[in-house]
Every structure is written in structure tokens, then in C-alpha cells.
Amino acid sequence: MAFVSNDEINEIRAQADIVSIIGSYIPLTQRGKNYVCVCPFHDDHSPSMSVSSEKQIYKCFSCGATGNVFTFVSEYENVPFIEAVSIVANKIGRKLSLDTYKSNVNQVFKEEYEIMLLAQKFYQNNLRTSFAKEANKYLKDRNMTEDIIKEFGIGLSLDSNDSLIKLLNSKNYDNKKLENIGLINNVNGKFYDMFSRRITFPLWDKDGNIVGFSARVYRGEKDVSKYMNSKESKIFKKGETLYNYHNAVNHAKREKSIIVVEGFMDAIRISSIGIKNVVALQGTAMTDNQITMLKKLRVKVILCLDNDNAGLIATLNNGEELVKNNIETFVIRLSGEKDPDEYILANGAEAFQKNVQNPISFFEFKINNLKSNKDLNNVEDLATYVNDVLKNLSTTTDEILREVTLNKLSNDYNLSIDVLKKKLLSFAPVEVKSIKQPAKKERVKKEAYTIASEKILYFMMNGNEYINEYRNKLGFFSDSIHREIANEIVYYYETNKKITVADFITYITNKNNIKEKVMEIVNNAINDIVTIEAMDEYIDVVLKITTKNEIKRLKDLMKKELDMDKKMKLAEQIAELKKEDV
Ligand SMILES: [Zn+2]
């Protein structure tokens, strides 16, 4: 089969001028060597995006968006990277067969995905057999219509515990492989289906590949757990998936919001009433990976977790994390029923829609929550409450929110606004940023060592001479992520015999562990003048700090060392290092 090679993708990138491709989406203005435009990836009012014709990359000074021509098209059109390659190819008049490329990128797990799809089709077909009477009655009782069953690929694992394995063996799939992806179970050397006597719900990764199943009992069995999930495997990492994400992405972008629920049944139910921008955590706590997935959507997040205490605590914790990540966060708390699924079944679609139209901001939710367990007619409780509100308020930079909240406190409890303001200042000696300025991306203060290391990595992406300089003069980073990126750069160069920043970006787009960091490094360095002299200066900084740290480490060792001989040896080592460090 003819695959589209990396070389060909790089060729397409080299032929497609980023200035004219981005210019075909949004107007660009030339400013010096670069072009600027209003950033399409955040709520931009003045041109924050810079496009470098020389480097063939773009960066936003405000929200941090960075990348090459493919990542721009992928983000702007909201399509997978591979499709962006094909779109760009089309724009410059080259033909690219998407299917062949798709099978190229996914070929590592191609067979696993194939098997999962086959299993899902098998389970789904079981619902149409005579064995499915009880299961179909259960689904009907739960208001799971034919449409829902189809849309979410719901199926049935049969009573016999070898029907799936028989099917898959007849297609000559290896049992070890089936066991590894959690479809079958090895009991004393004999293999059985992992799921039986359960309704099955496929779980997808972010690209829509089936990577596992969740299966629940339907006959009211009490002696087994209600739900059984696929174990983690090389294709299924629970913390890296959000149920229904692949379906919800486009709807979320259109609605400019995404609703986050706990269970997949909630997501299915909400989707069934026409609200398609919904994903499920499959639990209560949000992982860093899930937050990154949500952040990438650049839309507001609406938390709608279960109506119990665990759901309340999870709303507070997850909301805090989302806000920390600069994600605009809202909250819906349903009352009465235990979760969105039951709420909709009991109160109907319209009642739920009303909730969706009126979410409260996470801040307001947090403030309201401070009132719980307090009697605000009691002076002490009221004082505690007001203090807590001011403490929370001191962490926000939103001036209007401060003003509104202070006025409300003052009115509601008859307190002097000046006293409140004074008290607020005592919690927050920081300057209040003006709301009128666009929210600048939080610049985390980096140490000289990190800055220098990251500059060196950026230089390395600019050509072999910089990679050689690194190899000859440094050769190693103590920080694991820097080390990993350096290894990838070297590997990329070895394989392709040339390297540019823009092509390296293509290469790392599916390397989730380093992607964000590489983009951040490029974003910070895009306007740097790349010379060997400048690189040497950064290498110098890293070496000096490394030596300094080593001296400190040895000194600490020396302090603790009781053996005089060993102590002397350490002192010699330190003296040696100090000589170098001039
Ligand atoms: Zn931006």
C-alpha cells in the first residue's frame, strides 16, 4: 500500500507558504519581517498573533497558540492533524489520499482498533438475536431508544463465556493480543470472554477509535459488581479519555461550551435530548490529561456532576483546577434526582435545558457554597463567611467581579464598602490588573537554568550545526523533559538528515508527552536570532549552574561524611570543580 511518507509531508509543508495559507482564513498585515493578525484561538481584539514567513511558524503572544501550517489548519478547521495535511495539500494543488495516510499514522495499533470494532459490532448484533429479550426490555425500560443504541454502539455480551473468543479465533487473531486489550481472560491457561451477561458500551479514544468497553448487568444480579470496565492497555488509558469527546468536539466549538458529567449514562442521556456538547469523566476526579483535552477546545467548561456530596466536592476541586488552567468555568447543580440521567428521566428535557441555559460561574458557586452550614444571622458565622468570601475574592484578577461582589456583600449585610475594601487588600497585597487588558498568558517565572536549557533546545531545532554544538559541548540535560526533547531532536535529525522548526513541529504533533512543552519553547523563542555564538552563551549558563549545583551537592555530602579520608576526597573533587568554574 502506498503510504504518505514523512518526507512527503515535509515537502508539502515546504511548498505551502504559511503566510498565504493563514491569509486564506484571516486577513494578515505585514509588520517588518513578520505578519500579524487577530488570533482566532482566543477572544482577541488587537492583533496578538505573529506569523513568521522565515520560520514558517505562528505564535500568539496572548494565549500561547503556536505551531506550523498544519497545526493551524487542524486547530482552525477543527480537524485531526492528518486531515489538515490533506487540506493544505489540496490548497497547493497536490493530491493526497487521506485513507492511505490515516492507515499510515495509526498502523501501530491498527489491528487492535480493528478487533475492538469487530467486538463492538458482534455485541451490537447480539441485541438483534433471540437471546436478547431481557436485555432489550431493560434498555427499553431505561428509555434507551433504537437511535441511542445505534449512536452509542450499545450491545450485549451473551450468557455463554466463549462466544466472542470463538468469533475472533475464527478470524485468526492471536489470543495474547486479545488478552492484552482486555477482551478475553486467561484462567489457568484457558481463555474466556471478559464480558458476559452484560450490556456493553464501547469507550473511545479522542480520535474515535474504540479502545475498551464498560459493561453493566441487566438482570438485577446482586452478587457481581454492577459495572465492569476494560482494564488499561496500550490503547486504553482511562485518564487520557473523556467519554464522547470525539463526538462532542465540533458541537463544543459551535456552542462555545462543553458540559462535563460524571457517568457515561449521563452523557448518553443528555446527548439524546439534543445537547451534543457533552463528555463524561467516568469518575469524579479530573486528570491533568483530561484538563489538557478540555483546555485545547478553548471553550467554557460547564461542570454538571452528581447531586451528592461526592459530586459537590468534585465540583469544587475540579473547578479550582480548571480555573487555575485559565479555563472559564461554570457550574450546574441539579436538585432532586441523583444525576443528570435520572433528572432528565424524571423532569424531562426542557427542565434540563433550562439548567444548561443558566449555569452559574464557578466563583459564584464557590461563594454560595461558603454559606452552607452557616447561620448568617449569627454574627460570628457572618464574620467567618464575609472573611472567606474576601479571601476567595483576593485570588481573582477580575476587577468587575471584585466590584460587584463587594457591593453585594455591602448591600446584603449592611457593611461599609470601605471596610470591605480595606479587608480585601489585607488578603491581597498584589496589584489589581485592569480588566480592560486582554488576559495575558500567565508567564511563569523560570530560572536561568530552565530558560537557557529551553533556548538550547530551540536552537537545536534550527539545524545540524546546533545539534552538533549541543553534542560536543553539553550532551545532556538534567531535566527529564528537556532530555526527552533533545533525544527526539537528535533522533529526528538522524532519521531525516535535516531539521527545521516547522518540520519538527509536524513530527511531535502526536507525541503528547512533549508536545505542549515544545510548543511553549518555540513560542518563547520565535523571534530569537539563531547563531552559534548565542547558543554557546546559553550552554555556558547551563554548564555553570550544573557545576554550581554539583559543588553544592558535594559540599552537603562532605558535611555529613564522618570518614576523614572520604571527606578529603570530596574536598579535592570540589576544588577541582571550582577550578573549572571560572
Ligand atoms: Zn491567541
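One structure accompanies this document, and this report is about it. The shown structure was predicted, so the numbers you read here are calculated from the model rather than taken from an experiment.

## Comments concerning the overall build of the chain
- Looking only at helices and strands, one finds 27 helices and 16 strands in the chain.
- Overall, the chain is about 80 × 75 × 70 Å in size when its C-alpha atoms are taken along their principal axes.
- With the model as given, the accessible surface of the chain reaches about 30,300 Å², and the carbon-plus-sulfur share is 50%.
- Considering the chain, the positive charge centre built from 83 side chains and the negative charge centre built from 81 side chains are found 1 Å apart.

## What about the environment of Ala 502?
- Note on placement: Ala 502 falls in helix 24 (residues 501-508).
- Using a relative accessible area of 0% as the deciding quantity, one classes Ala 502 as buried.
- Spatially, the C-alpha atom of Ala 502 lies 5.4 Å from that of Asn 68, the residues being 434 residues apart in sequence.

## Side note on the pairing of strand 12 (residues 257-261)
- Strand 12 sits mainly inside the fold: 5 of its 5 residues count as buried.
- Neither face of strand 12 is exposed, since Ser 257, Ile 259 and Val 261 on one face and Ile 258 and Val 260 on the opposite face are all buried.
- Pairing geometry for strand 12 and strand 14 (residues 300-303), over 4 bridges, is parallel. Paired with Ser 257 across the bridge in strand 14 is Lys 300.
- Pairing between strand 12 and strand 13 (residues 278-280): 3 bridges, direction parallel. Bridge pairing in strand 13 links Val 261 to Ala 280.

## Examining unusual backbone geometry
- With a phi close to 60 degrees, Lys 256 is a non-glycine residue in the positive phi region.
- Within the secondary structure layout, Lys 256 lies in the loop between helix 11 (245-255) and strand 12.
- A positive phi is found at Asn 414, a non-glycine position, where the angle reads about 60 degrees.
- You can see Asn 414 is positioned in the loop between helix 19 (399-413) and helix 20 (417-427).
- When its relative accessible area of 72% is taken as the criterion, Asn 414 is described as exposed.

## Focus on the pattern of salt bridges
- Applying the stated criterion across every chain yields a total of 35 salt bridges.
- Between Arg 142 and Asp 341 there is a salt bridge, and its shortest N-O distance comes to 2.5 Å. Pair noted here: Arg 142 is in the loop between helix 7 (133-141) and helix 8 (146-151) and Asp 341 is in helix 15 (residues 340-347), with a separation of 199 residues, a long-range link.
- For Asp 341, a relative accessible area of 2% puts it in the buried group.
- The residue Lys 408 makes a salt bridge to Asp 412 at a minimum N-O spacing of 2.8 Å.

## Describing the pairing of strand 7 (residues 184-187)
- Both strand 7 and strand 8 (residues 190-193) contribute to a ladder of 4 bridges, which runs antiparallel. In the sheet register, Val 187 faces strand 8, and the bridge partner there is Lys 190.
- Once strand 7 ends, the chain turns through 2 residues before running back antiparallel as strand 8, passing Asn 188 with a positive phi of about 50 degrees.

## Comments concerning the packing of aromatic side chains
- Considering all chains together, one arrives at 27 aromatic pairs under this definition.
- Aromatic pair Phe 41 and Tyr 58: ring centres 6.4 Å apart, planes at 45 degrees, arrangement tilted. In this pair, Phe 41 sits in the loop between strand 2 (34-37) and strand 3 (49-52) while Tyr 58 sits in strand 4 (residues 57-60), placing the two residues 17 residues apart along the sequence.
- Sitting over the ring of Tyr 25, Lys 91 keeps its end group 4.5 Å from the ring centre.

## As for the sheet that holds strand 14
- The sheet built from 5 strands is open, its strands ordered 13-12-14-15-16 with mixed pairing. Two strands lie at the open edges of the sheet, namely strand 13 and strand 16 (360-361), each paired on one side alone.
- Contacts from helix 12 (residues 264-272) reach strand 12 and strand 13, with the element oriented near 165 degrees to strand 13.

## Some thoughts on the coordination of the zinc ion
- The coordination sphere of the zinc ion contains the protein donors Cys 39 (SG), His 42 (ND1), Cys 60 (SG) and Cys 63 (SG), at a distance range of 2.1 to 2.3 Å.
- Each of the 4 donor atoms around the zinc ion contributes to a set of angles spanning 101 to 119 degrees, which defines the coordination as tetrahedral.

## What about empty space enclosed by the protein?
- This model, assessed by the stated rule, comprises 2 cavities of 30 Å³ or more.
- Every residue lining the largest cavity is listed: Leu 203, Trp 204, Phe 236, Lys 238, Thr 241, Tyr 243 and Gln 282.
- Residue composition of the lining of the largest cavity, grouped by class: 4 nonpolar, 2 polar and 1 charged.
- What lines the second largest cavity is simply Tyr 138, Leu 139, Arg 142, Met 144, Phe 201, Arg 216, Tyr 227 and Met 265.

## Side note on the layout of surface pockets
- Taken as a whole, the second largest pocket encloses approximately 400 Å³ of empty space.
- Tyr 227, Gly 263, Met 265, Lys 338 and Asp 339 are, among the 19 residues lining the second largest pocket, the residues nearest its centre.
- Contributing elements (two or more residues each) for the lining of the second largest pocket: strand 10 (210-217), strand 11 (227-229), helix 12 and helix 15.
- Of the residues belonging to the lining of the second largest pocket, the class tally is 3 nonpolar, 5 polar and 11 charged.

Rules of the game
- Numbers given to residues run from 1 along each chain, matching the order in which its sequence is written.
- Per-residue local features of the predicted model are confined to residues with pLDDT of at least 70, and side-chain atom pairs are confined, for both listing and counting, to 80 or more; whole-chain, interface and lining totals are unaffected and use all residues.
- With hydrogens and water excluded, all non-hydrogen atoms of the structure serve as input to the side-chain values.
- Secondary structure follows DSSP: runs of H or I at least 4 residues long count as helices, runs of E at least 2 residues long count as strands, and numbering of each begins at the N terminus.
- Computed with the Shrake-Rupley method and a 1.4 Å probe, the accessible areas treat only the protein chains shown as cover for residues.
- The charge count treats Lys and Arg as positive and Asp and Glu as negative. His and the chain ends do not count.
- In plain terms, the charge of a residue is placed at NZ if it is Lys, CZ if Arg, CG if Asp and CD if Glu.
- Classification of residues uses two cut-offs on accessible area relative to the type maximum, computed with a 1.4 Å probe and protein chains only: under 20% is buried, over 50% is exposed, and between them is partly exposed.
- Here, a strand pair is defined by DSSP locating no fewer than two bridges between the strands.
- In what follows, salt bridge is the name for a side-chain nitrogen of Lys or Arg lying within 4 Å of a carboxyl oxygen of Asp or Glu.
- Note on aromatic pairs: the rings of Phe, Tyr and Trp (six-membered ring only in Trp) are paired at centre separations within 6.5 Å, and the planes decide the class, stacked below 30 degrees, edge-to-face beyond 60, tilted for the rest.
- In our convention, an over-ring charge means Lys NZ or Arg CZ found within 6 Å of a ring centre and within 35 degrees of that ring's normal.
- Throughout, a residue-residue contact means that at least one pair of heavy atoms, one from each residue, lies within 4.5 Å.
- Only the stretch in contact is used when fitting a helix axis, every axis being a line fitted to C-alpha atoms; angles between N-to-C directions are given from 0 to 180 degrees.
- Shown as donors are all N, O and S atoms within 2.8 Å of a metal ion, widened to 3.2 Å for Na, K and Ca; because water is not in the atom set, sites may appear incomplete.
- Geometry assignment treats four donors as tetrahedral when all angles are between 85 and 135 degrees, treats four as square planar and six as octahedral when opposite donors are over 155 degrees apart and all others between 65 and 115, and treats everything else as irregular.
- Each cavity reported here is a set of points on a 1 Å grid over the protein atoms alone in which a 1.4 Å probe fits but cannot get out, each pocket an open set with protein on both sides within 12 Å along at least five of seven lines, and each lining residue one with an atom within 4 Å of a point.
- Grid points are joined across faces, edges and corners, and a volume is the space filled by probe spheres set on the points.
- For this scheme, ten residues count as nonpolar: Ala, Val, Leu, Ile, Met, Phe, Trp, Tyr, Cys and Pro. Four count as charged, namely Asp, Glu, Lys and Arg, and the remainder, Gly too, count as polar.

In short, geometric facts, not functional conclusions.
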